[in-house]
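# Structural characterization, general
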Amino acid sequence: MADYKVSRSGVVLEYEATLEGNAWIMEQLKTGEVEISQVFTFISDDLIEKPTQDEIDDDSPFTYRFRLASAGASHYLIAGRKLGIDQDVLIAKSGVEWRRKLFVAERNISIFKRISKLIPDAEEILIGGKRDDAIPIEVFEDLIAQFPNTYELNRYAEARVTNIIGEYIEPKRDFRAQYEVYLSKRKSPRSDVPLQAKELLTTEIEKFQLVRDTLKAWLKAGDKSEDEWQKQLLAILPLIFPKYIAVIEKLPIEDRYTTKGKVIHRQIDIALVDVGGNIDVIEIKKPEQNILLRKTRYRDNYVPTGILSGTIMQAEKYLFHLSKGGRASEDKLTEKYKTVLPPKLEIRITNPKAMCILGRDRKDNGHDAFDEGQRADLEVIKRKYTNMIDIITYDDLLRRLDNIIASLKRRKNHGLDDTGR
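None of the values given here were measured: they were computed from a predicted structure.

### What to know about the overall build of the protein chain
Counting secondary structure elements, the protein chain contains 12 helices and 15 strands. In the protein chain, buried positions account for 42% of the 421 residues. In the protein chain, the share of contacts with a sequence separation of at least 24, taken over all contacts with a separation of at least 6, comes to 63%. Here the protein chain displays about 24300 Å² of accessible surface, and carbon together with sulfur accounts for 49% of that area.

Here it is, written out as structure tokens:
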């Protein structure tokens, strides 16, 4: 059990273990540091008084008193290391009640660690006082009150599970509706964007940053086979293009046109199914330089390389044969892949499109790989096929992720909805 003793000279944390005994505290201090109350980290020098060896051996009750904060003119100062962060924390001497909730939210979430992550470049975290960079006490108290509690976290978890499996089984309760009702009731009076919304946006930002950094690391790591690139990209493509809910490899199609009177059974390497059951095709090639445009010009124009032309032709043939399958092909594919599709979702072949991912338009050092004329001609090539094929470079994927991250950060920092309000 922890208690806070506030005096003119500072704040002392008094702690007595209630279940596991006290001996473990001194054992950990001997090796370096000890974590107290699941948020504070102390070293031996922070201890005001040590138990005797007999008290340690007997594991008898002992109240450990740690120096938590020192007193300044207007604030108490907590060294950042005691909270596991880089910044020191200054808390105003008046207007603050020292209690566990000042530092720890539900499920032992460190409040100051969360704040520290949001302002990593700040030299210190200031609570209360007259400085312009201080967080007002009432705002900080509101933040503590708005931190997600156990009930909310449970409702959120149930809502997420419902979102994932709700298409496969019918849940006994509508957890998504329960979570929305709860959020509508629990709204901060001082912010247009509830804290929990900012927490969710933070999670989304971290997710897309991880995807972007992972893709950058893959591009930097060096050469891989085409199969390896396909497997790696398929792991993150549903995150970059969330409208797709299923990936199908080796999708069978029938070629009735290459040889008259003969059906040739072919396979599309990779197909994607969107939330409406519509099927699209994707071609993934390696992220090589110099495979998009020929180095020499034809009649003052930059034209596609054989690799780009071949990839486009392959995608066009896939789309042609896929579109000729008709309703019978839709029914056959729906039955074949029903285990990877949500219940009652049927595959539809309705003006399918292709996505071709290949090549780089930037060098490894980040500079443009093309001059102005090359960029213009590449854009002409892309737009020529845009009604049925999206030609995407690996740098296009990185830019897409950067834009998603920037948009999420803008919404988080400024409290704007998707309409800009």
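From this point, things continue past the structure.
### With respect to the packing of aromatic side chains
Taken as a whole and assessed by the stated rule, the structure comprises 13 aromatic pairs. Both rings, one in Phe-62 and one in Tyr-64, keep their centres 4.9 Å apart while their planes meet at 80°; by these two values the pair is edge-to-face. Pair check on accessibility: Phe-62 and Tyr-64 agree, each one buried. The interplanar angle of 70° and the centroid separation of 5.1 Å between the aromatic rings of Tyr-257 and Phe-320 together place this pair among those described as edge-to-face. Here Phe-320 lies in helix H9 (residues 306–323) and Tyr-257 lies in the loop between strand S11 (244–255) and strand S12 (264–274), a separation of 63 residues in the sequence. Take Phe-320: its relative accessible area is 37%, and that puts it in the partly exposed class. Stacked on the ring of Tyr-76, the Lys or Arg Lys-93 has its end atom at 5.7 Å from the ring centre. Lying across the ring of Tyr-337, Lys-336 places its NZ or CZ 5.6 Å from the centre.

### A word on unusual backbone geometry
Apart from glycine, the bulk of residues carry a negative phi angle, and the bulk of peptide bonds sit in the trans form. Even without being glycine, Arg-299 reaches a positive phi, approximately 50°. Residue position: Arg-299 is located in the loop between strand S13 (279–284) and H9.

### Observations regarding helix H10 (residues 326–336)
Along H10, the positions that sit buried rather than exposed are Ser-329, Glu-330, Leu-333 and Thr-334. Looking down the long axis of H10, one finds its buried residues gathered within 130° of arc, a one-sided arrangement. Residues of H10 that are exposed and angled more than 90 degrees away from the buried face: Ala-328, Lys-332 and Lys-336. Looking at the buried positions of H10, the neighbouring elements they touch are S11.

### Observations regarding the pattern of salt bridges
For the structure shown, the criterion picks out 33 salt bridges. A salt bridge links Arg-99 to Glu-141; the shortest N-O distance between them is 2.9 Å. Separated by 42 residues along the polypeptide, Arg-99 in the loop between strand S7 (88–92) and strand S8 (104–105) and Glu-141 in helix H4 (residues 137–146) bring together distant segments of the chain. Salt bridges sharing partners connect three or more residues here, namely Arg-327, Glu-330, Asp-331, Glu-346 and Arg-348.

### Thoughts on the pairing of strand S5 (residues 64–71)
By the bridge criterion, 6 bridges tie strand S2 (residues 10–15) to S5 in an arrangement that is antiparallel. Each bridged residue has a counterpart across the sheet, and for Tyr-15 the counterpart in S5 is Tyr-64. Two elements, S5 and strand S6 (residues 75–78), share 2 bridges in a ladder whose sense is antiparallel. Across the sheet, the residue bridging to Ala-71 is Tyr-76, located in S6.

### A few points about the nonpolar core
One finds Leu-68, Ile-91, Trp-98, Phe-103 and Phe-112 to be the most contacted residues of the largest nonpolar core, which totals 41 residues. Per-element accounting of this core gives the leading share, 4 residues, to S5. If we skip the residues at most four places from it in the chain, Trp-98 touches Tyr-4, Val-6, Val-11, Leu-68, Ala-69, Tyr-76, Ile-78, Ile-91 and Phe-103. Among the nonpolar cores identified, the runner-up in size contains 34 residues, and Ile-279, Leu-293, Tyr-385 and Ile-389 belong to it.

Scoring rules and cut-offs
Residues numbered from 1 in each chain as written. Predicted model: local features only at pLDDT ≥ 70, side-chain atom pairs only at ≥ 80, totals over all residues. Heavy atoms only, no water. Helix = DSSP H or I, 4+ residues; strand = E, 2+ residues; numbered from the N terminus. Buried < 20%, exposed > 50% of the residue type's maximum accessible area, 1.4 Å probe, protein only. Contact = heavy atoms within 4.5 Å. Areas by Shrake-Rupley, 256 points an atom, 1.4 Å probe, with all protein chains shown as cover. Phe/Tyr/Trp six-rings, centres within 6.5 Å; stacked < 30°, edge-to-face > 60°. Lys NZ or Arg CZ within 6 Å of the ring centre and 35° of its normal. Arc of directions from axis to C-beta. Salt bridge = Lys/Arg side-chain N within 4 Å of Asp/Glu carboxyl O. Pairing = 2+ DSSP bridges. Core = buried A, V, L, I, M, F, W, Y, C linked by side-chain atoms within 4.5 Å.

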